[in-house]
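Spelled out from the first residue to the last, the chains are:
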Amino acid sequence: ALKLYEEATATKKAKDQKQALKAVSDFATHATIKYLDEISRPQVNAWITHLRDKVGNSNATLKNKVEFRLKQFIEWAMGAGYYPKGDNPATGHKTISKRKQTLVASDDGSESGFSPFTMEEVAHLIDPGNLRRCKLSQDTIWALLLGVFTGARPAEIGQLYLNDIAPDKDGVLVLRVDVLNPHQSVKTLSSKRKIPIHPTLIELGLVDRMKALKDRKQKRLFPAFTLT
């Protein structure tokens, strides 16, 4: 197939053709495949991981090899009838440049992901005083704090009504993620839940904020946020 592709791309600049053939050949060698129909998305993803973490390729180089060179080769193979038409396994991959990635070793010795914030760093990031110095609006500060203390999604927080925060049957103040008010939605049915309000949020004035909004005849916790 590579020989046929070389003939089909003979009109390309010699440098471009050489780089394209090398990228496809390198992928085939890494994936240990002999036939075109053996190419799969996991194999391409494994090659990307190898190029990024072991070879040290930059994000730009990865895009060139995968989203340009390998993608074009597979598109040619589809058009020529050598690969099933449909999904191109060289598309849709997310790549992160190695210099932007802080790798951490897992228990089994593999490396993946990003180093988590320390508790001190988290405390510094969400310190109300620091947030105010960033000149954020009160809505933004409260939305951020609710996200940190409840783990709720931004959309779930933005659509909250004042009646979504109330005491449960045991008298514990909880946040309700549900669709009982207009324009509310959840990602899945299992997303409906009740989350206890952390005492720190009460100390910071969440209940006072709710009372002030009720006094202004508001129904939502974040009336400035647009619901669609």
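Here is what the cut-offs are and how they apply
Residues numbered from 1 in each chain as written. Predicted model: local features only at pLDDT ≥ 70, side-chain atom pairs only at ≥ 80, totals over all residues. Heavy atoms only, no water. Helix = DSSP H or I, 4+ residues; strand = E, 2+ residues; numbered from the N terminus. Buried < 20%, exposed > 50% of the residue type's maximum accessible area, 1.4 Å probe, protein only. Contact = heavy atoms within 4.5 Å. Areas by Shrake-Rupley, 256 points an atom, 1.4 Å probe, with all protein chains shown as cover. Axes fitted to C-alpha atoms, helices over the stretch in contact; angles between N-to-C directions. Parallel < 35°, antiparallel > 145°, perpendicular 65-115°, else oblique. Nonpolar A, V, L, I, M, F, W, Y, C, P; charged D, E, K, R; others polar. Pairing = 2+ DSSP bridges. Salt bridge = Lys/Arg side-chain N within 4 Å of Asp/Glu carboxyl O. Phe/Tyr/Trp six-rings, centres within 6.5 Å; stacked < 30°, edge-to-face > 60°. 1 Å grid on protein atoms, 1.4 Å probe; cavity = no way out; pocket = protein on both sides within 12 Å on 5 of 7 lines; lining within 4 Å. Points joined across faces, edges and corners; volume = space filled by probe spheres on them. Patch = residues over 30% accessible without salt bridge, like charges linked within 9 Å, V, L, I, M, F, W, Y side chains within 5 Å. Polar contact = N/O pair within 3.5 Å; in protein donor to acceptor, adjacent residues only side chain to side chain.

**Student:** Whenever I open this one, the overall build of the protein chain confuses me. Can you help?
**Tutor:** A tally of helices and strands in the protein chain yields 10 helices and five strands. When burial is assessed residue by residue, the protein chain has 33% of its 228 residues classed as buried. Contacts spanning at least 24 positions in sequence make up 48% of the contacts within the protein chain whose residues lie at least 6 apart. Total accessible area on the protein chain stands at roughly 14400 Å², and carbon and sulfur atoms take up 55% of it.

**Student:** Would you explain the packing of helix α2 (residues 14-31) against helix α4 (residues 59-80) in this entry?
**Tutor:** When two helices pack together, you describe them by how their axes are tilted relative to each other and by the distance separating the axes. In contact at an axis separation of 9 Å, α2 and α4 are set at 90 degrees when each is read in the N-to-C sense. Considering their axes alone, α2 and α4 lie roughly perpendicular with respect to each other. In contact with D16, Q19, A20, A23, V24 and F27 of α2, α4 contributes K65, R69, L70 and F73. Taken together, the residues that form the contact of α2 with α4 break down as six nonpolar, one polar and three charged.

**Student:** Would you take a moment to explain the sheet that holds strand β4 (residues 173-177) for this structure?
**Tutor:** Two modes of strand pairing occur in sheets, parallel and antiparallel, and in both the strands are linked by backbone hydrogen bonds. What the three strands build is an open sheet, ordered β3-β4-β5; its pairing is antiparallel. Among the strands making up the open sheet, the edge pair consists of β3 (165-167) and β5 (193-196). Adjacent strand axes in the sheet meet at a mean angle of 40 degrees when their direction is disregarded. Relative to β4, β3 runs antiparallel, the two being bridged by three bridges. When the bridges of β4 are listed, A166 appears paired with V174.

**Student:** Whenever I open this one, unusual backbone geometry confuses me. Can you help?
**Tutor:** Peptide bonds are trans in most cases, and residues, glycine excluded, mostly fall at negative phi. In the Ramachandran plot, K135 falls in the positive-phi region, its phi being about 60 degrees despite a non-glycine side chain. When you line up the elements, K135 lands in the loop between α6 (128-133) and α7 (138-150).

**Student:** When you look at the pattern of salt bridges in this model, what are you seeing that I'm missing?
**Tutor:** When their charged atoms lie close together, side chains carrying opposite charge are able to pair. Per the stated rule, a full pass over the model turns up 11 salt bridges. The closest approach of N and O atoms between K192 and D178, which form a salt bridge, is 3.8 Å. Taken as a pair, K192 in the loop between β4 and β5 and D178 in the loop between β4 and β5 lie far apart in primary sequence, 14 residues in all. Relative accessible area serves as the criterion here: at 36%, K192 is assigned to the partly exposed category. Each of R153, E156 and R193 takes part in a single network of salt bridges with overlapping partners.

**Student:** I keep staring at the packing of aromatic side chains and nothing clicks. Help me out?
**Tutor:** By convention here, two paired aromatic rings are described through the distance between centres and the angle between planes. Within this structure, the stated rule accounts for four aromatic pairs. Here W76 and Y82 contribute two aromatic rings whose centre-to-centre distance is 5.6 Å and whose plane-to-plane angle is 40 degrees, an arrangement assigned as tilted. Look at Y82 and you get partly exposed, because its relative accessible area is 40%. Taken together, F73, W76 and Y82 form an aromatic cluster joined through their ring pairs.

**Student:** Just checking my understanding: could you explain the layout of surface pockets for this structure?
**Tutor:** One water molecule sets the probe size; rolling that probe over the atoms shows where empty space is left. The volume enclosed by the largest pocket comes to roughly 150 Å³. Among the elements that take part in the lining of the largest pocket, α2 stands out by supplying three residues, more than any other.

**Student:** In this structure, what is going on with a nonpolar patch on the surface? I would like to understand it.
**Tutor:** Residues L136, L144 and V148 make up a contiguous nonpolar surface patch of roughly 210 Å² in combined accessible area. Relative to the elements of secondary structure, V148 occurs in helix α7.

**Student:** Please explain the side chain of Q159 as it appears in this structure.
**Tutor:** Along the chain, Q159 turns up in the loop between α8 (154-158) and β3. Overall, Q159 belongs to the buried group, its relative accessible area being 5%. There is a polar contact of 2.8 Å between the side chain of Q159 and the backbone oxygen of S185. Other than its neighbours up to four places away in sequence, Q159 contacts D164, D178, H183, Q184, S185 and L227.

**Student:** Mind showing me how you'd approach the packing of α2 against helix α3 (residues 41-55) here?
**Tutor:** At a minimum axis separation of 10 Å, α2 and α3 run at an interaxial angle of 105 degrees. By the angle class used here, α2 and α3 are roughly perpendicular. Where α2 approaches α3, its residues A23, D26, F27, H30 and A31 are matched on the opposing element by Q43, V44, A46, W47 and H50. For the contact of α2 with α3, a count of residues per class yields six nonpolar, three polar and one charged.

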